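Residue strings, one per chain:
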Amino acid sequence: MTTQAHTLIVGGQRSGKSRQAERLALAWAREPGHGVCVIATAEAHDEEMRQRIARHQAERPAGFATVEAPLQLAEALQSAAAPGRLLIVDCLTLWLTNWLMPMDSPPRREAWPAACDALLQTLPTLPSPVVFVSNEVGWGVMPLGREVREYADELGRLNQAVARRCTQLTMMVAGQPWTRPIENLES
């Protein structure tokens with residue numbers, strides 16, 4: 001069983017996932033001695049993404065530290081974790097994209113399983129609770145391209161594996177959270 005109460009927040013694009021993670025973090029940060037660190041996985045490869053990242057940074061609550069970790073998520077979590085510090089991973093979707101569908105390099109498919117395993121093995125060892133943000137992409141139409149289908153399948157597997165290491169799941173719909181405890185935790 002995990003030593004910390006990790007949370008997974010899933011939903012569609014613009015469903016309010018990041019805002020919900022920030023609400024949870026603000027409640028955490030109100031306690032004396034508590035802090036928050038956002039582990040950001042996005043990379044700015046075009047102007048629209050640069051604007052999106054800038055908007056997220058500008059809207060982020062004051063006092064939240066930020067660490068950029070487009071690939072080495074397990075290592076970033078280990079470095080940022082500390083008693084009294086909540087970590088937000090925003091987001092697993094872009095982290096997987098950076099591994100399997102990078103904009104500026106070939107896919108790193110052979111290295112992906114080790115990176116995913118490192119994340120999953122790291123979670124129970126952290127002194128910090130983690131709030132993960134991820135997209136739910138499996139409710140749409142079946143993508144036409146093989147690579148996109150493989151990506152959607154892998155994101156589904158990643159979300160399930162992370163959820164098994166969390167104690168709470170929140171699904172965001174139209175900015176509204178639907179939260180429940182996760183049963184049958186793995187050790």
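Everything below is about the structure shown above.
The model shown is predicted, which means the values in this text are computed figures rather than measured ones. (Residues numbered from 1 in each chain as written. Predicted model: local features only at pLDDT ≥ 70, side-chain atom pairs only at ≥ 80, totals over all residues. Heavy atoms only, no water.)

Draft legend 1. View of the environment of Ile 88. Checked against the element boundaries, Ile 88 lands in strand 4 (residues 85-90). A sequence separation of 64 residues divides Ile 88 from Leu 24, and the C-alpha atoms of the two residues are 9.6 Å apart. Setting aside residues no more than four positions away along its own chain, Ile 88 makes contact with Ala 21, Glu 22, Ala 25, Val 36, Cys 37, Val 38, Ile 39, Phe 64, Val 131 and Val 133. (Helix = DSSP H or I, 4+ residues; strand = E, 2+ residues; numbered from the N terminus. Contact = heavy atoms within 4.5 Å.)

Draft legend 2. Unusual backbone geometry, seen in detail. Of note, the amide linkage connecting Asp 90 to Cys 91 takes the cis form, showing an omega dihedral of 10 degrees. With respect to the helices and strands, the residue Cys 91 is situated in the loop between strand 4 and helix 4 (92-100). Phi is positive for Arg 14, close to 60 degrees, though the residue is something other than glycine. Counting through the fold element by element, Arg 14 comes out in the loop between strand 1 (7-11) and helix 1 (17-29). The exposure class assigned to Arg 14 is exposed, which follows from its relative accessible area of 55%. For Ala 174, which is not glycine, the phi dihedral falls at a positive 50 degrees. Tracing the backbone shows Ala 174 in the loop between strand 6 (168-173) and strand 7 (176-181). (Buried < 20%, exposed > 50% of the residue type's maximum accessible area, 1.4 Å probe, protein only.)

Draft legend 3. Examining empty space enclosed by the protein more closely. Per the stated rule, a full pass over the model turns up two cavities of 30 Å³ or more. Within this model, the second largest cavity holds a volume of roughly 30 Å³. Within the residue set of the lining of the second largest cavity, elements represented by two or more residues are helix 1 and strand 4. (1 Å grid on protein atoms, 1.4 Å probe; cavity = no way out; pocket = protein on both sides within 12 Å on 5 of 7 lines; lining within 4 Å. Points joined across faces, edges and corners; volume = space filled by probe spheres on them.)

Draft legend 4. The arrangement of the sheet that holds strand 5 (residues 130-135) in detail. Taken together, seven strands build an open sheet; the order of strands is 3-2-4-5-1-6-7 and the sheet is mixed. A single partner strand is all that each edge strand has here, and the edge strands are strand 3 (65-68) and strand 7. Strand-to-strand twist in this sheet, taken as the mean axis angle between neighbours without regard to direction, amounts to 20 degrees. Examined bridge by bridge, strand 4 and strand 5 share four bridges and lie parallel to one another. Considered in strand 5, the bridge of Leu 87 is made with Val 130. Contacts from helix 4 reach strand 1, strand 4 and strand 5 within the one sheet, and its direction differs from that of strand 5 by about 65 degrees. (Pairing = 2+ DSSP bridges. Axes fitted to C-alpha atoms, helices over the stretch in contact; angles between N-to-C directions.)

Draft legend 5. Main features of the side chain of Ser 128. Tracing the chain through its elements places Ser 128 in the loop between helix 5 (112-122) and strand 5. In this view, Ser 128 contacts Gln 4, His 6, Ala 81, Ala 82, Arg 85 and Leu 87; residues no more than four positions away in its chain are not counted.

Draft legend 6. Quick look at the layout of surface pockets. The space that makes up the largest pocket amounts to roughly 950 Å³. Forming the boundary of the largest pocket are 36 residues, of which Met 49, Arg 52, His 56, Cys 91 and Leu 94 lie nearest the centre. At the level of secondary structure, the elements contributing two or more residues to the lining of the largest pocket comprise helix 1, helix 2 (47-59), strand 3, helix 4 and strand 5. Residue composition of the lining of the largest pocket, grouped by class: 10 nonpolar, 13 polar and 13 charged. Lining the second largest pocket are 15 residues, and of these Val 137, Pro 143, Val 148, Tyr 151 and Ala 152 sit closest to its centre. Contributions of two or more residues to the lining of the second largest pocket are made by helix 4 and helix 6 (146-163). Element by element, the count of residues in the lining of the second largest pocket is highest for helix 6, at five residues. (Nonpolar A, V, L, I, M, F, W, Y, C, P; charged D, E, K, R; others polar.)

Read these as spatial facts, not as claims about activity.
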